[in-house]
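Examining the three-dimensional arrangement
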Amino acid sequence: MTTENAPSRGTRPGQPAPALGEFAMRFTSTPRGARLARRLVSHRLAAWGYPYDSGPNETTTLIASELAANAVRHGRVPGRDFHVRLTAPLGDASGTIRIEVSDTRTEKRPALIAAAPDAETGRGLYLVSQLAERWAVGPRSGGGPGKTLWAEIATETKPSGPGSGPGPLQRPQG
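Because the structure is a prediction, the values reported are computed rather than measured.

For the largest pocket, the calculated volume is near 540 Å³. Taken together, 26 residues form the lining of the largest pocket, with Asn70, His74, Gly122, Gly124 and Leu125 sitting closest to its centre. Of all the elements in the fold, those that place two or more residues in the lining of the largest pocket are helix H2 (55-73), strand S4 (95-103), helix H3 (124-131) and strand S6 (147-155). Considering every element that reaches the lining of the largest pocket, the biggest residue donor is H2, with six residues. Here the residues of the lining of the largest pocket sort into 12 nonpolar, six polar and eight charged.

Structural data, given as structure tokens:
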């Protein structure tokens, strides 16, 4: 199931509603499904005016990757998919990109833990907590089984094109 549209959202009286792009899709709870979710999030953001090498695209793609990997690794129920929903302001509007990943495993709630320096796993939610403006976990919308992890990434006026400024994931040279 895939949905794409630009829904209207409530705004203050007298203010025009900023156009929001929305993308939603179910993916198989496999590493391949998580990889596809990451790629489609990045592609959709690029189509909405956030170039692949922009800070908002890189940050949102990394967060989507971590949340999808967690849904596959810790939220998997055999035969059940995970769901991704992405919303972002369109045009030159600044605002917030929101990524939501829902799985069907209610009893396994994620926890932010400190990973050992030599650990190969356990840093995903730490990365999300450092890169997102806000993030949380809550019940799955619509009353379905499972949970939804969401993160919000603040955007400013989008860069005019590739290479117009370093993103938050790029380290300074020198």
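Still to come is the rest of the account.
To continue, consider the pairing of S6. Of all nine residues in S6, eight are buried; the element is thus mostly enclosed. In the sheet, S4 pairs with S6 via nine bridges, with the strands oriented antiparallel. Pairing of Val101 across the sheet is with Leu149, part of S6. Strand direction decides the pairing type here: strand S5 (residues 134-139) and S6, joined by six bridges, are antiparallel. Counterpart to Val137 in the pairing with S6 is Leu149.

Turning our eyes to something else, we now look at empty space enclosed by the protein. A full pass over the atoms with the stated rule returns one cavity of 30 Å³ or more. In terms of lining residues, the largest cavity is bounded by Ser29, Ala71, Gly75, Arg76, Val77, Arg80, Asp81, Phe82, Asp103 and Thr104. A per-class count over the lining of the largest cavity returns three nonpolar, three polar and four charged.

As a further point, take the nonpolar core. Proteins that are soluble and globular tend to have nonpolar side chains buried together. Membership of the largest hydrophobic core comes to 28 residues, with the highest contact counts inside it found for Leu45, Ile63, Leu67, Phe82, Val84, Leu86 and Ile99. Examining the composition of this core, we find that six residues originate from one element, H2, more than from any other. When sequence neighbours within four positions are dropped, the list of residues in contact with Ile63 reads Ile99, Val128, Leu131, Ala132, Ala151 and Ile153.

Calculation rules
- Residues numbered from 1 in each chain as written.
- Predicted model: local features only at pLDDT ≥ 70, side-chain atom pairs only at ≥ 80, totals over all residues.
- Heavy atoms only, no water.
- 1 Å grid on protein atoms, 1.4 Å probe; cavity = no way out; pocket = protein on both sides within 12 Å on 5 of 7 lines; lining within 4 Å.
- Points joined across faces, edges and corners; volume = space filled by probe spheres on them.
- Helix = DSSP H or I, 4+ residues; strand = E, 2+ residues; numbered from the N terminus.
- Nonpolar A, V, L, I, M, F, W, Y, C, P; charged D, E, K, R; others polar.
- Buried < 20%, exposed > 50% of the residue type's maximum accessible area, 1.4 Å probe, protein only.
- Pairing = 2+ DSSP bridges.
- Core = buried A, V, L, I, M, F, W, Y, C linked by side-chain atoms within 4.5 Å.
- Contact = heavy atoms within 4.5 Å.

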